[in-house]
Structure formats: C-alpha cells, structure tokens
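These are the residues of each chain, in order.
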Amino acid sequence: MAEEWKRSADVVIIGAGIQGCSIAYNLAKLGVKDVVVIDKQIPTAGSTGRCAAGIRAQWGTKMNCQLGLASLEILENLHEELGMDIGLHQGGYLMVAYKESEFEQLKKNVALQNSLGITSRVVSKEEAYEICPTLSAEDAVGFTYHHRDGHADPFLTTIAYHKAASEKGVRFYKFTECTSIKVKGGEVKGVVTTRGEIDAPIIVDAAGPYSQHIAAMAGINLPLYSERHEILVTEPVEFGVCPCMLMSFSGNYYIQQRPIGSIIAGCSPEGHPEDYSLGNTWNFLEHMSRVIVRLLPKLGGVRVVRQWSGMYNMSPDKQPVIGESKEVKGFYISAGFSGHGFMFGPISGKLLAELIVTGTSSIPIDVLNYDRFERGELIEEPAVV
Amino acid sequence: MTEEEKERNVIVCRCEEITMGEIRDWIARGYDTFDELKHILRVGMGPCQGRGCREIILREIAKMKNVPVSQVDPGTFRPPSKPVKLELLAKKEGGE
Ligand SMILES: Cc1cc2nc3c(=O)[nH]c(=O)nc-3n(C[C@H](O)[C@H](O)[C@H](O)COP(=O)(O)OP(=O)(O)OC[C@H]3O[C@@H](n4cnc5c(N)ncnc54)[C@H](O)[C@@H]3O)c2cc1C
Ligand code: FES
C-alpha cells in the first residue's frame, strides 16, 4: 500500500497530536484544500496519548476563561460535529484549597468566571463531600466547583479530529520526521523529512515537547522547554467514588475516575526540571499513592495497574505560544501549552486556523505571540501550579 | 450471509468484544498499526492484555497491507505489571 507522496502543499503541519489534528480539521473546514500533517510516529504518540485529558473553564484570567469556556462548548458538541464518540465525562472540577491565600484567589477567580458566563461557585465542605462521596479533606480551607468541567478520552478525541480531517481531504503521513525547514529571504519555503521534501508557504509547528527544536530549524529561538510528568492508573472500581476531577494547586495533585472505573492520578515534579526522558519512578508511585489514600481513604485496597510519564511543553509564563512568527513569514506556532494543551486544543486549533486563513481570530490571541517574552509582557495567570 | 459477512462478525478481541469487521474497517481507513487500533478500539487492553487477539490482528494488518507479518509493528508492549494495592504503596518507608 505505497502511499502517494505530495511534493507540495498549501500548509504543512508538523505533529499529529491534539493540536496538529485540530488545526488540520479546522483549516479544512475553512476551505483550505491542500493540508498535509506529518508525524514522526503515529497520531497521539506524543503528550496527547499520555495525558489526563482534563478539561476546565475555572481559570484566573479573562482570556483563559474565554478560551476554556469556548473549548468546553466545542467539546460538548464534538461527537455530533465529528461523528465519533470522544469519551467526554462532565463531572466537574472540584478545586481544593489548603491555604487561606489560595482560597482567596480561587474566590476571585470564581467572581471573574461568573462575570464571563461560567457558572462556577464556591462550595462548602458538606457540598464538596456530596459532589465527591468518598472524599476526606478535613485539612482543606475551601472549595470551588464548576459542573461543566471534566475529562475526555485523549485518543478518541484526537482520532475523531484526525478522521474528520482525512475525510475532508487532509493528508496524514505517519512515521515521517521533519529534519529541517527551508527558509529563504525571511519566508518559509517547505520542510525536509525522512521521506522526502514538501514545499509549502505555510508551516505550522505543533510538535509538542519538541516544538522549540522545530522552531530552531527555522532559525527561531523559542524560550520553551519540556519537563517530565508522571501519572498512574488503577484497576477499575465501581463508578462514582470520584465522579469529579479533584485538583489542588497547593496540594499538587489531580485525581479523576474514568467512566470505565479506573482512577487516574498525577502531580507535578518537584522543582520542575527540564527532562526529555520518559522514565517511571518508585518515588512518584509511593508519593501519589499516599496522596490518593489520604484523600480517598476507601480506595486503599484498589490496585495500581500501570504508571507512565509524558512531557509538558513549558513556556516562561505557563501560557501557550500561538501565532505567526514575526521573524520568519509563514511559520506558525502552536506550542508551550504548559500542561493544558489537551483542553485548549479544540479552541486553539480553530483560532489558529482562522488566523492563517483570515489574518484575525474570533477570540483575540495576539498577546499569545512569543514576542511577548522579548517585550517582557508575561501573562499573569493565577490558576496554574 | 456471505463468507465475508460471516468473517466480519467473528469476535477477534473477546475481552473488548471487537469484531473482525470493525478491525478491517479501521485498517482500511489507514489506522494500520496495532497501537492505533488499540487506542481506537481498546483491542489488547482487556484482562488478557492482547494474548487472545494480538496475533490475529497483526496478521490481518499484514494481509491488508500486503506485507509480511514480520514487518508489522507489534506495538508498545507493556509487560503485565504486578498490580499493587494503593495502601501498600502508601505505607512504604519514609512516609510523610
Ligand atoms: C501526565 C500528563 C498529564 C496531562 N494532563 C493534562 C490535562 O489533564 N489536561 C490538559 O489539557 N493537558 C494535559 N496535559 C498536557 C497535554 O498532554 C499537552 O499539552 C497536549 O497533549 C499537547 O498536544 P500537542 O499536540 O501540542 O503535542 P503532542 O501530543 O506531543 O504532539 C506532538 C507530535 O509531534 C510529533 N513530532 C515531534 N517532533 C517531530 C518531528 N521532528 N517531525 C515530525 N513529528 C514530530 C510527535 O511525534 C507528536 O505526535 C498532560 C500532559 C501529561 C504529560
Ligand atoms: S482478547 Fe483482546 S485484550 Fe483480550
């Protein structure tokens, strides 16, 4: 089944994770005919297939609230739009604060969220225990909750975009690695891959943990790096022990139960070191187990069946880098999601496609251009770890 | 029912109840690696961890792509880890 190699295209996207697949689908939907997506592996082999796929609108800046809510709205209708189930479960995110200052911030966030149409609220401990029947958080000082938050299946969501994009004529080449980018006179001209070259006036860097390496091939210095995050999954238990996503910034954890019954839990590495390896540690396994058993004591007898790790692509202000390079015309970037690239994928892919096709986007994202780092205009988002 | 239809109805992955027809349809759409089929259909993720279905699926991929089975990527194999209870892991030395 030798597939035909396209020697030129209108747009070449590097990376078939949630970002690349969402951008490709949205470009095709906007009528772009000749879109090619290359991936050095298979779709979802990067961070996307390793993530917890949590989705929330509980953010602390206006832009992130807008993006989070817009993404939620897309996800709520995605099965219908793409014709494939994406495993969406909206059990809400229950945010847990252990410090007064943290709770104050969460309350401010809720006020902002409410002003933007997000129906999040502060909940009492009694309510929190109703939302999460097996929760024990006596040391917590406060909780906030938004019932539309939740999680999805990262494989199904990405494949749904991938399949719908293919049906609209997008070409996907797997096992095809980008090795260099052709730039001439300040404009991008095409990509060189392990399987041949493709000429294109527009290249999109959606290479996840490796996006800064791809940018460097075009002579662009992106201040991004990647760090390893570990995660574990248990055997399935009766659904309902943790119907919401439990999340705490100061507690440094997130815990969810997938509809199939397994508990998935993870935390951030201490000190956030740069790390491109994908190893697993005992330290994480023991630490995470302690956290789970302390929060959900009834789960002590549940077995961990698997642990793995994946990378967060981090930016200096933990906000994504989206937009066209001002140094190399035609070079677009969608990276630096700092651990939130799954939930933003549906909306960021749509906005970047709009930007490519029309030059503007329906939600303004100019501030997400990487030139903000040079100007020192970092975005202050209080709702990240 | 034709032979083809009968074959399509055969359950290939018993743990996840996936038929040959479903597998053939996804391979025909271009999802022709074991890992892609696993991500889409959960084949190989059941209690038997693919012992019951992996070989049949790899053979089907090879047949449809017209390549020898040895050229089909067997997929990431996660050795059957020994499941350990959370409370045991939580009680390890050096607790908080
Ligand atoms: C443990 C963990 C938990 C997470 N939990 C959440 C969560 O709950 N919610 C959330 O929103 N986000 C979460 N994230 C973050 C999320 O996974 C990422 O932000 C998101 O998947 C990024 O998608 P992407 O498409 O940009 O990157 P990726 O999925 O990494 O895709 C990039 C692709 O580019 C390909 N590629 C790289 N280099 C090349 C090259 N040279 N040539 C060709 N192809 C190349 C790779 O093979 C890969 O398929 C989590 C991440 C981890 C690791
Ligand atoms: S038969 Fe497919 S996983 Fe058991």
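Nothing here was measured: the structure is a model prediction, and the numbers come from that model.

Asks: Can you tell me about the site of ligand 1, naming the residues and giving the values?
Replies: Residue and element names in this part refer to chain A. The immediate surroundings of ligand 1 are formed by 37 residues, with D39, S47, T48, G54 and M343 found nearest. A distance of 2.9 Å separates a nitrogen atom of ligand 1 from a polar backbone atom of C178. G341 places a polar main-chain atom, nitrogen or oxygen, 2.8 Å from an oxygen atom of ligand 1. Look at ligand 1: alone it shows 1,000 Å² of surface, and the protein chains cover 96% of it. Mapped by element, the contributors of at least two residues to the shell around ligand 1 are α1 (18-29), β13 (225-234), β17 (303-314) and α9 (341-358). Of the residues assigned to the shell around ligand 1, the class counts are 19 nonpolar, 14 polar and four charged. Per-domain counts for the shell around ligand 1 show at least three residues from each of domain 1 (11-50 + 155-224 + 317-375) and domain 2 (90-148 + 227-312).

Asks: Any details on the domain arrangement of chain A? Residues and values, ideally.
Replies: All names here are of chain A. When its domains are assigned, chain A resolves into domain 1 (11-50 + 155-224 + 317-375) and domain 2 (90-148 + 227-312). The straight-line distance from the C-alpha centre of domain 1 to that of domain 2 is 30 Å. At the interface, nine residues of domain 1 touch nine residues of domain 2. Carbon and sulfur atoms supply 56% of the area buried between domain 1 and domain 2, which totals about 760 Å² over both sides.

Asks: Account for the environment of I11 of chain B, with residues named and values stated.
Replies: All names here are of chain B. Position of I11 among the secondary structure elements: in strand β1 (residues 11-13). A residue is classified by how much of its surface remains accessible, and I11, at 39% relative accessible area, is partly exposed. Residues I11 and A28, 17 residues apart in the sequence, show an inter-C-alpha distance of 18 Å. Look past the residues within four positions of I11 in its chain and what remains in contact with it is E17, I18 and T19.

Asks: Quick one: what's the story with the sheet that holds strand β19 (residues 331-335) of chain A, residue by residue and with numbers?
Replies: Residue and element names in this part refer to chain A. Ordered by their spatial adjacency, six strands build an open sheet running β8-β2-β1-β12-β19-β18, and the pairing between neighbours is mixed. The open sheet has two free edges, formed respectively by β8 (171-173) and β18 (321-324), since each of these has just one partner strand. Looking at each pair of strands side by side, their axes are set apart by 15° on average, direction ignored. Across three bridges, the pairing between strand β12 (residues 202-205) and β19 is parallel. Directly across from I203, in β19, lies its bridge partner F331. Lying on the sheet, α9 is in contact with β12, β18 and β19; it crosses β19 at an angle near 170°.

Asks: Could you give an account of the sheet that holds strand β16 (residues 263-266) of chain A, naming the residues involved and the relevant values?
Replies: Taken together, nine strands build an open sheet; the order of strands is β5(A)-β6(A)-β4(A)-β14(A)-β15(A)-β16(A)-β13(A)-β17(A)-β3(B) and the sheet is mixed. Every other strand in the sheet has two partners, leaving β5 (121-123) of chain A together with β3 (84-85) of chain B as the edge strands with one partner each. Bridging between β5 of chain A and strand β6 (residues 142-146) of chain A involves three bridges; their strand directions are antiparallel. Opposite R121 of chain A, over in β6 of chain A, you have Y145 of chain A as the bridge partner.

Asks: Can you explain the interface of chain B and chain A? Please cite residues and give values.
Replies: The accessible area lost on association of the parts is a frequent measure of interface size. Between chain B and chain A, the contact holds 28 residues from the first and 33 residues from the second. Roughly 2,600 Å² is buried in total at the junction of chain B and chain A, and carbon and sulfur atoms are behind 62% of that figure. At the boundary of chain B and chain A, one finds two salt bridges. Here D32 of chain B ties to K174 of chain A by a salt bridge, and the two come within 2.7 Å at their closest N and O atoms. Where the side of chain B that touches chain A is concerned, the elements lending two or more residues are α3 (34-41), α4 (54-65), β3 and α5 (86-90) of chain B. Class assignment of the residues belonging to the side of chain B that touches chain A gives a composition of 10 nonpolar, six polar and 12 charged. Of the strand pairs in this sheet, β17 of chain A and β3 of chain B are connected by two bridges, and their pairing is antiparallel.

Asks: For the UniProt feature "domain: FAD dependent oxidoreductase" (unreviewed entry) in chain A, give the residues involved together with the corresponding values.
Replies: The feature "domain: FAD dependent oxidoreductase" (unreviewed entry), as given by UniProt, occupies residues 10-355 of chain A in the numbering adopted here. Secondary structure over residues 10-355 of chain A splits into 30% helix and 27% strand, and the C-alpha atoms at its two ends are 15 Å apart.

The rules behind the values
Starting from 1, residues in each chain are numbered consecutively following that chain's sequence as written. Going through the entries in the order they are written, you letter the chains from A and number the ligands from 1. Given that this is a predicted model, residues contribute local features only at a pLDDT of at least 70 and side-chain atom pairs are listed and counted only at 80 or more, while totals for whole chains, interfaces and linings are drawn from all residues. The side-chain quantities take in all heavy atoms of the structure and omit both hydrogens and water. A single heavy atom is enough: if one lies within 4 Å of a molecule or strand, its residue is considered near that molecule or strand. Two N or O atoms count as a polar contact when they lie within 3.5 Å, although within protein this holds only if one can serve as hydrogen donor and the other as acceptor, and sequence-adjacent residues are included solely when both atoms are side-chain atoms. Using the Shrake-Rupley algorithm and a 1.4 Å probe, accessible areas are obtained, with residue cover drawn only from the displayed protein chains. Each helix corresponds to a stretch of at least 4 residues labelled H or I by DSSP, and each strand to a stretch of at least 2 residues labelled E; elements are numbered beginning at the N terminus. Nonpolar residues are Ala, Val, Leu, Ile, Met, Phe, Trp, Tyr, Cys and Pro. Charged residues are Asp, Glu, Lys and Arg, and all others, Gly as well, are polar. The split of the chain into domains comes from an automatic or database domain assignment. What makes two residues a contact is simply this: any of their non-hydrogen atoms within 4.5 Å. Note on definitions: buried area is the accessible-area loss of two parts on being combined, 1.4 Å probe, summed for both. Summary of the burial criterion: residues with accessible area below 20% of their type's maximum are buried, those above 50% are exposed, and those between are partly exposed, where the area comes from a 1.4 Å probe applied to protein chains only. What makes two strands pair is DSSP finding at least two bridges between them. Where helices are involved, their axes are fitted lines through C-alpha atoms of the stretch in contact, as for all axes, and angles between N-to-C directions lie from 0 to 180°. Salt bridge criterion: a side-chain nitrogen from Lys or Arg within 4 Å of a carboxyl oxygen from Asp or Glu. UniProt positions are given in the numbering used here, feature names are shortened, and annotations may be inferred rather than shown by experiment.

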